[in-house]
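Letter by letter, the chains look like this.
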Amino acid sequence: LASHSYFNLNGHTLAAAAHVAGDARNGMLETVLNHAVSVSADSYTPVDEHLIPTGEVASVSSTPFDLRHLTKLAERIPHSIDGYDHNFVLDVEASRQGKLSHAATVKANKRRIDLFTTAPGVQLYTGNFLDANHTMGKRGVKYPRHGGLCLETQNFPNAVNESSFPNAILKPGEKYVHRMLYKFSNEL
């Protein structure tokens, strides 16, 4: 189970007003490439050409996946990676114990999101498949590629097929508990 909420700290109101006024931007939402992101992970799960994790757990060191410190997405996209749709490995031991631990931070325009979870992984998705020609939001706003990002706390994708990943099988009578906490703040 995962939450797939999209965030864009640039705001929605200006794009909606532009659409209503018919200005040159034509109601296009700004991308999240100006957002700074950090993920509390020393490793991630590489994917194949279909974006399915291969079963490997790799270090983020010296890769485009090293987001342990706040990094503007524009520094990585499209220079060294076309976008993120990857699972980052969090504190698996804390997850086993049901402890809430820091997963990620997102900052832009003096707005900040901190995410905490009991899950062993967080999938960072940067709206790679959004398309302004086909993705329309509330009040007529168009959502372009990279128009939002998701932080999906979860078990590792493809865990059912990878014995090295934390177990994702829930048997009859077992209980599944997964907590996540979003903390929103303004930096004045």
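Residues numbered from 1 in each chain as written. Predicted model: local features only at pLDDT ≥ 70, side-chain atom pairs only at ≥ 80, totals over all residues. Heavy atoms only, no water.

Draft legend 1. The packing of aromatic side chains, seen in detail. This structure, assessed with the given rule, holds 8 aromatic pairs. Ring geometry for Phe7 against Tyr182: centres 5.2 Å apart, planes inclined by 55°, an arrangement best described as tilted. On the criterion of sequence distance, the pair formed by Phe7 in strand S1 (residues 6-7) and Tyr182 in strand S11 (residues 180-186) is long-range, its members being 175 residues apart. Exposure remark for Phe7: the relative accessible area of 15% places this residue in the buried category. For Tyr182, a relative accessible area of 21% gives the class partly exposed. Both rings, one in Phe156 and one in Phe165, keep their centres 5.1 Å apart while their planes meet at 80°; by these two values the pair is edge-to-face. The two residues Phe156 and Phe165 agree in class, both being buried. (Phe/Tyr/Trp six-rings, centres within 6.5 Å; stacked < 30°, edge-to-face > 60°. Helix = DSSP H or I, 4+ residues; strand = E, 2+ residues; numbered from the N terminus. Buried < 20%, exposed > 50% of the residue type's maximum accessible area, 1.4 Å probe, protein only.)

Draft legend 2. Spotlight on the sheet that holds strand S9 (residues 121-125). Strand order in the open sheet formed by 6 strands is S1-S10-S9-S6-S3-S4, with antiparallel pairing between adjacent strands. Every other strand in the sheet has two partners, leaving S1 and strand S4 (58-59) as the edge strands with one partner each. Alignment of S1 against strand S10 (residues 149-154), held across 2 bridges, turns out to be antiparallel. Along S10, the bridge assignment pairs Phe7 with Leu149. (Pairing = 2+ DSSP bridges.)

Draft legend 3. Representation of the pattern of salt bridges in the model. What the rule picks out here adds up to 7 salt bridges. Put simply, Glu93 and Arg96 hold a salt bridge, and the shortest N to O gap is 3.2 Å. Taken together, the positions of Glu93 and Arg96, both in helix H2 (residues 92-96) and 3 residues apart, correspond to about one turn of that helix. Bridged by salt links that share partners, the residues Lys107, Arg112, Asp114 and Glu187 form one connected network. (Salt bridge = Lys/Arg side-chain N within 4 Å of Asp/Glu carboxyl O.)

Draft legend 4. Main features of the pairing of strand S7 (residues 101-108). Burial analysis of S7 places 6 of its 8 residues in the buried class, which makes it a mostly covered element. Here strand S2 (residues 36-39) runs beside S7; their pairing, made up of 4 bridges, is antiparallel. Opposite Val37, over in S7, you have Val106 as the bridge partner. Between S7 and the antiparallel strand that follows it, strand S8 (residues 111-117), lie 2 residues; Asn109 among them carries a positive phi value of about 50°.

Draft legend 5. Expanded view of the nonpolar core. Membership of the largest hydrophobic core comes to 27 residues, with the highest contact counts inside it found for Val39, Tyr84, Phe88 and Leu151. Top element by residues in this core is S7. It accounts for 4 residues. Those residues in contact with Leu151, other than ones at most four positions away along the chain, are Ser3, Ser5, Ala104, Val106, Leu115, Val122, Gln123, Leu124 and Tyr182. Core analysis: the second largest hydrophobic core is formed by 5 residues, Val89, Val92, Phe156 and Phe165 among them. (Core = buried A, V, L, I, M, F, W, Y, C linked by side-chain atoms within 4.5 Å. Contact = heavy atoms within 4.5 Å.)

Draft legend 6. Structural detail: the side chain of Asp114. Counting through the fold element by element, Asp114 comes out in strand S8. Take Asp114: its relative accessible area is 7%, and that puts it in the buried class. A distance of 2.7 Å separates a polar atom in the side chain of Asp114 from a polar atom in the side chain of Arg112. Residues contacting Asp114, with those up to four places away along its chain left out, are His102, Ala104, Thr105, Leu181, Tyr182 and Lys183. (Polar contact = N/O pair within 3.5 Å; in protein donor to acceptor, adjacent residues only side chain to side chain.)

Draft legend 7. Quick peek at the sheet that holds S2. The 5 strands lie next to each other as S5-S2-S7-S8-S11, forming an open sheet whose pairing is antiparallel. What marks the edges here is a single partner per strand, and that holds for strand S5 (71-72) and S11. Here S8 runs beside S11; their pairing, made up of 7 bridges, is antiparallel. Its bridge partner lying in S11, Leu115 is registered against Tyr182.

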